[in-house]
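Read off the chains here:
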Amino acid sequence: MAAAAPPFPALAAAALLLVVLLCLSGGGGVCNAQTPVFACDASNATVAAYGFCNRSATAAARAADLVSRLTLAEKVGFLVDKQAALPRLGIPAYEWWSEALHGVSYVGPGTRFSPLVPGATSFPQPILTAASFNVTLFRAIGEVVSNEARAMHNVGLAGLTFWSPNINIFRDPRWGRGQETPGEDPLLTSKYAVGYVTGLQDAGAGAGGDALKVAACCKHYTAYDVDNWKGVERYTFNAVVSQQDLDDTFQPPFKSCVIDGNVASVMCSYNQVNGTPTCADKDLLSGVIRGDWKLNGYISSDCDSVDVLYNNQHYTKTPEDAAAISIKAGLDLNCGSFLAQHTVAAVQAGKLSESDVDRAITNNFITLMRLGFFDGDPRKLPFGSLGPSDVCTSSNQKLARETARQGIVLLKNNGALPLSAKSIKSMAVIGPNANASFTMIGNYEGTPCKYTTPLQGLRANVATVYQPGCTNVGCSGNSLQLDAATKAAASADVTVLVVGADQSIERESFDRTSLLLPGQQPQLVSAVANASTGPCILVIMSGGPFDISFAKSSDKIAAILWVGYPGEAGGAAIADVLFGYHNPSGRLPVTWYPESFTKIPMTDMRMRPDASTGYPGRTYRFYTGDTVYAFGDGLSYTSFAHHLASAPPAHVALQLAEGHACLTEKCVSVEAEGGHCESLAFDVHLRVRNAGDVGGAHTVFLFSSPPAVHNAPAKHLLGFEKVALAPGQAGVVAFKVDVCRDLSVVDELGNRKVALGSHTLHVGDLKHTINLRV
């Protein structure tokens, strides 16, 4: 994967600004936009006459025409991300690999920035966006990102195929890439995937039902969440996963992404699952993604993962075997060059048929046709009016700030927050992330429109004194600067400590081994808190969770916030929350475990606890151990009361077909499909009231605790809704519960079943029991 580029230094940024101003005023060739890449140039009569350029034909017919014109040697050039140019048919080279995890990114060679478009809106990392529990927001971000992507495409700076989002389950708190995901819950991750993908891809009603604005990609399929832990690397890791855990935890987000989100692509992962590389697993690719879920698009490998299954995993004896097994399994596109190098030989050796190659490139061509790549100049097509002025707009940047505000989680507050700017004469801002800029945007980043650091955000409200406390987040050895930090805290009315992590602590290819704050950060926090004469506020900037039990229990630490990696406007959003301009409403999308959890091997993929060995399980759904903070935790500056306005029936009978075995035998569950599932649903209406004197938003969680059969989860999330209420205002939140979809569990064989017996629905402290019977 591409290395991250550093942020612009101040002088470089100033010089770039000058160039941009020259561009906007018509100042010279340096600013000239490049022509976007496209096929079927209408100005070339020969090319325009080809059948694959006929816009009135179906995409399938056009793709078939194109395939029929290619030699085998030409075909393999369309199996890899650096798509070869084919001048004789007027097809330019195209780079499939672009990224847009939380904004248009320079990671991936398909996209770059220039003086014409020097940056793009950088939203928070997905883990913080997910903490907003706001489905509307997920889609709105996707729409903005796709606007900016299309605008950059129109001036030759971006592709149309974006390998985002990452929808792996954040199973283990040590995972370096957890920051890229929406968290540990399958339902939240599914809703995030569908919202963001729909926002990216939706071309609008007038564009035709199958058209794509940009093509999204849900990755990394599947059971991928170990990068590099104590020498165990993703390239050779074999994830041993039960069918129950696979279908209950790891697969649901991908299923939703394909079926509900109609995503254009799924990317298979590096790791093996139960001994088979995912990119060579016919059951997982052709069987599940394309067969069961009916993917309308293409399947891509992670970068070089076909090479990895041959050279690192030694799964096949020859490179030709690796090419053949991956294509026959259902792989359409190889990020990397492996298939371009070895596919012709695989066909010539009889290991692969040319028709298998045709099938793969047909899926790729159809995707490009849905994007308009074969429709001529994109500037004359829908979205053709988008350009540099549509990137980094004020409204886009406001959305980035609002997203960070909605995601920030208030974990502790003894009454010190919100702060009053009028009563503070001096504020000490301390910590290695207190003036963070590049750290705020996390990985898979692009150059942001601008930065507002925490120090800048706070300084805009009150007078501040800044001391880093540590020169970096590693905070080891001589980097600790306690004296200056404690002196600043002792003389200030309020102290804000901003600590946590950055990409040196957690990142792709690097997992953590500890859940404690890095290096001597705990000593810094304790010393500064003890020296503070006024309230001490602790801010944790990180992707993954930390064991901060010492701070949670400390009387000297008045409040704790987790702010994820909050994006370009992170500092402004933090200040908005601290000073009460925004009432915090974020909730944790992951469990925060104690350091003792690290005794469990990260490589143990089991979700469910095992009492016989003391294994505690994973995530809030199954974990039986102690927590520092729980999934869904988060405080507000006001209080909300719940009342069950419309309760479902206490007893629900499933009408089984005549002759069903469970009519005569004692069953613990019945299959979650069939006639007995039709119209078997009920509504749950909750009245929510803001019982405080501050307006704010509130996420209502509806959980279910099923009967203890099939090693079912202790509880699982059925739905969530975010509602905004003024002081004293009440509103009604409605959930429609489909019994076979929402109250079912996955049995030991991976089959979805409706457990018979008592199901407890709960919202906060409210509980309601439903008895399902036959």
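Conventions we followed
- Residues numbered from 1 in each chain as written.
- Predicted model: local features only at pLDDT ≥ 70, side-chain atom pairs only at ≥ 80, totals over all residues.
- Heavy atoms only, no water.
- Helix = DSSP H or I, 4+ residues; strand = E, 2+ residues; numbered from the N terminus.
- Buried < 20%, exposed > 50% of the residue type's maximum accessible area, 1.4 Å probe, protein only.
- Pairing = 2+ DSSP bridges.
- Axes fitted to C-alpha atoms, helices over the stretch in contact; angles between N-to-C directions.
- Core = buried A, V, L, I, M, F, W, Y, C linked by side-chain atoms within 4.5 Å.
- Disulfide = S-S within 2.5 Å.
- Salt bridge = Lys/Arg side-chain N within 4 Å of Asp/Glu carboxyl O.
- Parallel < 35°, antiparallel > 145°, perpendicular 65-115°, else oblique.
- Left-handed = near helix turned anticlockwise from the far one by under 90°.
- Contact = heavy atoms within 4.5 Å.
- Nonpolar A, V, L, I, M, F, W, Y, C, P; charged D, E, K, R; others polar.

(A) Just unusual backbone geometry, in detail. Of note, the amide linkage connecting Lys219 to His220 takes the cis form, showing an omega dihedral of 0 degrees. Locating His220 in the fold gives a position in strand β3 (residues 218–221). Notably, Asp304 is not glycine yet its phi reads approximately 70 degrees, a positive angle. The residue Asp304 is located in the loop between β10 (298–301) and α11 (305–311) in this model. Overall, the relative accessible area of 40% leaves Asp304 in the partly exposed class.

(B) Expanded view of the sheet that holds strand β17 (residues 640–646). Here we have three strands laid out as an open sheet, ordered β17-β20-β23, and antiparallel in their pairing. Bordering the open sheet on either side are β17 and β23 (730–738), each of which pairs with just one other strand. Pairwise comparison of adjacent strand axes, ignoring direction, gives a mean angle of 25 degrees for this sheet. In this sheet, strand β20 (residues 681–690) lies alongside β17 in antiparallel orientation, the contact comprising six bridges. Counted as the bridge partner of His642 is Val688 from β20.

(C) Representation of the nonpolar core. Residues Phe52, Trp163 and Phe374 are the most contacted members of the largest nonpolar core, which totals 117 residues. Among the elements that take part in this core, helix α6 (residues 135–153) stands out by supplying eight residues, more than any other. Core analysis: the next-biggest nonpolar cluster, separate from the first, contains 87 residues, Ala239, Ala485, Ala488 and Ile548 among them.

(D) Inspection of the state of the cysteines at higher detail. Under the criterion given, the structure shown has eight disulfides. Between the sulfur atoms of Cys218 and its disulfide mate Cys257 the distance is 1.8 Å. Between Cys218 and Cys257 the sulfur-sulfur dihedral comes to about 60 degrees; the bridge is accordingly right-handed. In this pair, Cys218 is assigned in strand β3 and Cys257 in helix α9 (residues 252–259), connecting sequence segments 39 residues apart. Cys218 sits in the buried class, given a relative accessible area of 0%. For Cys257, a relative accessible area of 0% translates into the label buried. At a sulfur-sulfur separation of 2.0 Å, the disulfide partner of Cys392 is Cys449. Since a negative S-S torsion denotes a left-handed disulfide, the Cys392-Cys449 link at about -95 degrees is left-handed. One end of the pair, Cys392, is in the loop between α14 (354–370) and α15 (394–407); the other, Cys449, is in the loop between β12 (427–430) and α16 (454–459), and 57 residues separate them in sequence. Given a relative accessible area of 24%, Cys449 falls into the partly exposed group. Free cysteine: Cys217, not disulfide-bonded; nearest cysteine sulfur from Cys218 at 6.9 Å.

(E) Molecular detail of the pattern of salt bridges. Per the stated rule, a full pass over the model turns up 32 salt bridges. Linking Asp202 and Arg139 is a salt bridge whose minimum nitrogen-to-oxygen distance equals 2.6 Å. Note that Asp202 is positioned in the loop between α7 (186–201) and β3 and Arg139 in helix α6, a separation of 63 residues in sequence. Since its relative accessible area comes to 38%, Asp202 is described here as partly exposed.

(F) The pairing of strand β11 (residues 409–413), seen in detail. The buried fraction of β11 amounts to four of the five residues, a majority that puts the element mostly inside the structure. In terms of strand pairing, β11 meets strand β16 (residues 559–562) through four bridges, oriented antiparallel. Residue Asn413 lies in a different strand from β16, and its bridge partner there is Ala559.

(G) A look at the packing of α15 against helix α20 (residues 570–578). Closest axis-to-axis distance for the α15/α20 pair is 8 Å, and the angle between their directions is 50 degrees. It follows from the interaxial angle that α15 and α20 lie oblique. When you trace α15 past α20, the crossing you get is right-handed. On α20, the residues that touch Arg401, Ala404 and Arg405 of α15 are Ala572, Ala573, Asp576 and Val577. The class makeup of the residues in the contact of α15 with α20 is four nonpolar, no polar and three charged.

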